[in-house]
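Fold and contact review
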Amino acid sequence: MATTSSILDVPSLVSQLMSIERKPIDKLNAKVTDIQARISSFGTLSSLVSSLQTSLDSLKTALKSYGATPSDASLFSATASSTAAAGSYTINISRLAQAQNLVAAGQTSQTISIPSVPSTVTFTIGGNPMDVTIAAGASLQNIRDTINGANLGVTASIINDGSGTPYRLVLTANKSGVANAISSITVQAGGDTALNDLLAFNPTTNPPAATTMSESAPAQDARLTVNGIAITSATNTIRDAIQGVTLTLKAETTSPATLTVARDTSAVESAVAKFVESYNALASQLKSRSAYATSGSAGGTLAGDATVRQMMDQLRNIFMTSATGGTYSYLAQIGISTQADGTLKIDSSKLKSALDSDFAGVDQLFNSATGFATRLSDWAAKATRAGGLISQRTDGLNSSIKGYNEQITKLEQRMTVLQKQYTITYSNLNMMLSRMNDTSSYLTSQFG
């Protein structure tokens, strides 16, 4: 009896049946994808709320900051902290602080040996004697490296001056000021004479001892007066001579210079602009992600979400509730108005006028217990903290995903069994139909 090909395309038939059976799984996967998009949206909102909080912190700091402006920036610069006091100060700089430089006599080579025996050299720096042992046969380079390795508070280097004996050892104090100077360098008894001829420096002994190193730059302290009061400093950075102000001296004055310390209104203006920018980014995303679908729009991923509505309501209430205890009650009074789309807009001239005329009132409007920066910052912290609005909502969404995934896993197990059953059933049916077809063909041929 002849055999024929399969009557049914079993794989295709089973595939079509399984596509129908998998529709509940497809719906669950679609729900998971939708929830993941919602979680991602809340992640974006959380980041924007954090950016808003950062801008508010910067605004609070700016409102407490001072600017320090020198009359001539080539003479000195200045920075002021929040502890500074507004005022004008007269400054005269008679001398800058300087680090000491010592220079040794020139040598014909920096590699030939100098001491023939090990020698102990005592460096007295800032009144503190420190011993360094120079090995026998050490070259000028070795001496330099040994001094640098001893961490004395000086840096040794070799300069080539281009003469017949060009290689000169130079010692530079690491810190400026008289207190950090090298007061003496002595080669101890039993040390090498050639090393003593190179390094000896004893200008203050009585009677004067041998001194072969020359002082190319003496150590000196900075000297200045602030409002006529004399000040001495080992460095050119003067801290708290004026309360909360750090001065950096650059040059000596030939006539009195002036330092003006005042509230830093430009820093506040910049911080307000950053606050408005951060708030507008958040407000725009809250609005777009919660928008319902229309004929021309697909709608936001968080359309109808109760948590988003709650966040928007809370922000709206903050702006509608006045600050108390100060000159101003609402942001619009200093040039920060709310637009129709919920974002903020700055009237720069009005803001500047408020800062110039009543800085304390602006500070109160933002930083008091009922101030807008205070309340917005508190809201942002609560919204983003663990257990806060966003955290609670995303936890709930993640729980939903977990539940859907458990359902999907169970259905996938059922699909595996069902696909096997369909394959066996229709394979058997196919075999039966094939046999019936073969029988029909045989009978037809016999009757023929």
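Structure first, text after, so check above.
Residues numbered from 1 in each chain as written. Predicted model: local features only at pLDDT ≥ 70, side-chain atom pairs only at ≥ 80, totals over all residues. Heavy atoms only, no water.

A word on the overall build of the chain
Formally: A helix here means a DSSP run of H or I that spans at least four residues, while a strand means a run of E at least two residues long, and both kinds are numbered starting from the N terminus. Three exposure classes are used, based on accessible area relative to the maximum for each residue type with a 1.4 Å probe and protein chains only: buried under 20%, partly exposed in between, and exposed over 50%. Should any heavy atoms of two residues lie within 4.5 Å, those residues are counted as being in contact. Here, Shrake-Rupley sampling with a 1.4 Å probe gives the accessible areas, and only protein chains in the shown set may cover a residue.
Secondary structure summary: the chain contains 10 helices and 17 strands in total. In terms of overall dimensions, the chain has a C-alpha envelope of 145 × 75 × 35 Å along the principal axes. Classification of the 448 residues of the chain by burial places 36% in the buried group. Across the chain, the fraction of contacts at a sequence separation of at least 24, relative to all contacts at a separation of at least 6, is 70%. Counting every atom, the chain has about 23,200 Å² of accessible surface; 51% of that belongs to carbon and sulfur.

As for a nonpolar patch on the surface
Selection rule: Patches here are clusters of residues that have more than 30% relative accessible area and form no salt bridge, with a 9 Å joining cutoff for like charges and a 5 Å cutoff for nonpolar side chains (Val, Leu, Ile, Met, Phe, Trp, Tyr). Each reported salt bridge corresponds to a side-chain nitrogen of Lys or Arg within 4 Å of a carboxyl oxygen of Asp or Glu.
A surface patch of nonpolar side chains, amounting to about 370 Å² of accessible area, comprises Tyr442, Leu443 and Phe447. Within the element layout of this structure, Leu443 appears in helix α10 (residues 389-447). Overall, the relative accessible area of 41% leaves Leu443 in the partly exposed class.

Notes on the packing of aromatic side chains
The cut-off we apply is this: Two rings from Phe, Tyr or Trp (for Trp, the six-membered ring) form a pair when their centres sit within 6.5 Å of each other. Planes less than 30 degrees apart are called stacked, planes more than 60 degrees apart edge-to-face, and all others tilted.
Using the criterion set out here, one finds four aromatic pairs in the structure. Ring geometry for Tyr279 against Phe319: centres 5.0 Å apart, planes inclined by 65°, an arrangement best described as edge-to-face. Residue Tyr279 is found in helix α5 (residues 265-289), and its partner Phe319 is found in helix α6 (residues 306-320); the two are separated by 40 residues along the sequence. Like Tyr279, the residue Phe319 is buried in the burial classification. Centre to centre, the rings of Phe319 and Phe372 are 6.2 Å apart; their planes meet at 25°, and the pair counts as stacked. With Phe319 in helix α6 and Phe372 in helix α9 (residues 372-384), this pair connects stretches of sequence that are 53 residues apart. Residue class for Phe319 comes out buried when judged on its relative accessible area of 15%. Take Phe372: its relative accessible area is 1%, and that puts it in the buried class.

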